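# Coordinate inspection notes
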Amino acid sequence: MSNIVLGGGLSGLSAAYYLLKKLPNKPIAIIEKSDRLGGWIKSNILNDGIIFEQGPRTIRPSGTPGINTLTLIDDLGLSNQVVPILSSHPAARNRMIYANQELHSLPSSIFSIFKKQTPFSKPLIRYLVQDLFSPKKTINDESIYDFVNRRFGREFADYLISALICGICAGNSKEISVNFIMKKLFEYEQQYGSISKGLIRNLLKKQNVNVDLKGLPLQAKKERWSVYSFKNGLETLPKYLESYVRKNNVNVELDSKCNNLEICDNSIMLHFENGKHLKADHVISSLPSESLANILQNQHSHLSDLLRNIQNVTVGVVNLCYNEKLISKEGFGFLVPPKEKLPILGVIYDSCCFPKANNTVLTVMMGGYWFEQLFGKHPEEGVLLQTAKEQLKNTLGISRNQLILRSTFFTSVFLSMLLDIMKI
Ligand SMILES: Cc1cc2nc3c(=O)[nH]c(=O)nc-3n(C[C@H](O)[C@H](O)[C@H](O)COP(=O)(O)OP(=O)(O)OC[C@H]3O[C@@H](n4cnc5c(N)ncnc54)[C@H](O)[C@@H]3O)c2cc1C
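Residues numbered from 1 in each chain as written. Predicted model: local features only at pLDDT ≥ 70, side-chain atom pairs only at ≥ 80, totals over all residues. Heavy atoms only, no water.

Within an unreviewed UniProt entry, the label attached to the chain reads Protoporphyrinogen oxidase, and the organism entered is Rhamnusium bicolor.

Below is the structure:
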């Protein structure tokens, strides 16, 4: 009998890695339904070394999870492959939103909060003051949109938070619980009466914390990394983890879809679509909530129903490459607030983040919460490509036909936890 990890994405691979460290003599298996490990992380390396990231592209180094991931990268001997974006880089400093037919940079320094920046009608500091003096409302939860509207006003909710929620989880800020997506900010209001007071207290507290950093986490802090990736794309990380776990005798079962989990007296029995079974002492699931809901249906129908209530949305991802420089104002890219009613969630300027010769590489993300309403259930790839090109023309004025490479596909994304489930 062994420890079994369900799912071979980054979470499953990391779980197997830490299990190996803790229990080196215990058999471990990873069960994965597809024919590869890595889950959402997929870096397509094309001619000339151009990378099309089909899922995530950067990792944040901050906080405890950030330090843990950097330590893991160090331990895997991968430090020399890391490509950071420093906080001083335009891709870190210039994050934009598209509103009222133009691009607007978001405030990026302490000085910029005293200046009025479009599309906002007053300097950021005035919204912070508004929060400081707005009365506290004692509640259990509300949507992130209502929360921000109440504390900072409608402009902040419409332009800033709605766009950010599109960027984080392709979701609708009017339906996502603040207590889930920005729990800390909600707690600040409930505990201290305002978000600003909570932030100030937290800043003062942080200055007294002395974390003993070394290796890559220390380098990231000293050099002030904003985010990072790898020379050959983000898939480098799951690939190295895969090779590490395989070398250490973790049994990797690909093309094995688990469809039922049964808890017996002293063990857990897993059943697979291909007719196989496996017995385990412990099972760690890194599956998307919907998949876990399916395999728990017989064993624990209540938990299964709760998991099923976590909504998925679909995001269309289109990667494009042009063989000339087309971006006039460098940055990470821009997000589109839903108020603008465009079919895209945002555009990432990949070639500003990680320059590749004279090329312009862009990723257009579209749909999310509004996917079906915009494109139907199963749109043709060509429809997504056409929409991406039209929107690049509309927002950035790019109407070049000398597009040299393109890839399209769409994915179903996690998250979007609704208020209903938070109340259960
Ligand atoms: C378009 C996009 C962009 C993103 N950008 C970023 C970013 O820039 N930075 C960032 O930090 N995060 C980003 N994310 C989020 C990030 O990709 C995910 O949080 C992360 O990859 C999740 O990894 P995971 O291992 O938990 O899940 P997954 O990658 O979903 O892995 C789960 C695995 O379980 C397998 N599986 C499912 N059902 C079964 C079953 N029944 N039996 C066996 N196996 C099963 C699946 O095939 C899959 O391999 C992005 C996500 C998307 C979709």
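## Quick word on the packing of aromatic side chains
One pair of aromatic rings is described through two measures. These are the centre distance and the angle between the planes. Basically, it comes down to this: Geometry of aromatic contacts follows a simple scheme: Phe, Tyr and Trp rings, the Trp one being its six-membered ring, pair when their centres are within 6.5 Å, and the pair is stacked under 30 degrees between planes, edge-to-face over 60, tilted otherwise. To qualify as a helix, a DSSP run of H or I must reach at least 4 residues; to qualify as a strand, a run of E must reach at least 2; elements of each kind are numbered from the N terminus. Relative accessible area decides the class of each residue, using a 1.4 Å probe on protein chains only: under 20% of the type maximum gives buried, over 50% gives exposed, and in between gives partly exposed.
Using the criterion set out here, one finds 15 aromatic pairs in the structure. Plain terms: the ring middles of Phe147 and Phe186 are 5.9 Å apart, the flat faces sit at 65° to each other, and that makes the pair edge-to-face. Here the residue Phe147 occupies a position in helix α5 (residues 144-152), and Phe186 occupies one in helix α8 (residues 183-192), the gap between them amounting to 39 residues. In this pair, the class of Phe147 matches that of Phe186, namely buried. One aromatic cluster is present, formed by Phe120, Tyr127, Phe152, Phe156 and Tyr159 through successive ring pairs.

## As for the side chain of Thr360
Put simply, the rule is: Counted as a polar contact is a pair of N or O atoms within 3.5 Å, where, for protein atoms, one must be capable of donating a hydrogen and the other of accepting one, and residues adjacent in sequence contribute only when both atoms are in side chains. The contact criterion used throughout is that any non-hydrogen atoms of two residues lie within 4.5 Å.
Along the chain, the position of Thr360 falls in strand β16 (residues 360-368). For Thr360, the side chain forms a polar contact with the main-chain oxygen of Glu324, separated by 2.5 Å. Only 2.9 Å separates the side chain of Thr360 from the backbone nitrogen of Leu326, close enough to count as a polar contact. When residues no more than four places from it in sequence are discounted, the contact partners of Thr360 are Leu320, Cys321, Tyr322, Glu324, Lys325, Leu326, Ile327 and Ser351.

## Description of the domain arrangement of the chain
We apply this condition: The split into domains, and so the bounds of each, comes from an automatic or database assignment of domains.
Taken domain by domain, the chain consists of domain 1 (2-41 + 233-308), domain 2 (90-208) and domain 3 (313-420). Centre-to-centre, using C-alpha coordinates, domain 1 lies 32 Å away from domain 3.

## Some thoughts on the pairing of strand β6 (residues 95-99)
So the rule is basically this: One bridge is not enough; two strands pair if DSSP finds at least two bridges between them.
Among the five residues that make up β6, four are buried, leaving the element largely enclosed by the rest of the structure. Pairing of β6 with strand β14 (residues 333-335), which is carried by three bridges, proceeds in the parallel orientation. Each residue of the ladder has a partner; that of Arg95, found in β14, is Gly333. In the sheet, β6 pairs with strand β7 (residues 102-105) via four bridges, with the strands oriented antiparallel. Paired with Met96 across the strands is Ser105, a residue of β7. Linkage of β6 to β7, two consecutive antiparallel strands, is achieved through a turn of two residues, within which Asn100 is found at a positive phi near 50°.

## Focus on the site of the ligand
To keep things clear, this is the line we draw: Throughout, the term near means that a residue has one or more heavy atoms lying within 4 Å of the molecule or strand in question. Per-residue and other accessible areas were derived by the Shrake-Rupley procedure at a 1.4 Å probe size, with only the shown protein chains allowed to occlude residues. Residue classes follow a fixed rule: Ala, Val, Leu, Ile, Met, Phe, Trp, Tyr, Cys and Pro count as nonpolar, while Asp, Glu, Lys and Arg count as charged, and any other residue, Gly among them, counts as polar.
Among the 24 residues in the neighbourhood of the ligand, the closest are listed as Ser11, Glu32, Trp40, Thr58 and Cys258. Interatomic distance of 3.0 Å between a backbone N/O atom of Leu10 and an oxygen atom of the ligand. One of the backbone N or O atoms of Lys33 is found 3.1 Å from a nitrogen atom in the ligand. When isolated, the ligand has an accessible area of 1000 Å², and the protein chains bury 77% of it. Broken down by class, the residue content of the shell around the ligand amounts to 10 nonpolar, 10 polar and four charged. Two domains share the shell around the ligand, each providing at least three of its residues, namely domain 1 (2-41 + 233-308) and domain 3 (313-420).

## Description of helix α16 (residues 381-396)
What counts here: The span you would expect from a helix comes to 1.5 Å times its residue count less one. Throughout, the arc means that of the directions going from the helix axis to the C-beta atoms.
The first and last C-alpha atoms of α16 sit 22 Å apart over 16 residues, in line with the 22 Å expected at 1.5 Å per residue. Taken together, the buried positions of α16 are Leu384, Leu385, Thr387, Ala388, Gln391, Leu392 and Thr395. End-on, the buried residues of α16 take up no more than an arc of 160°, which puts them together on one face.

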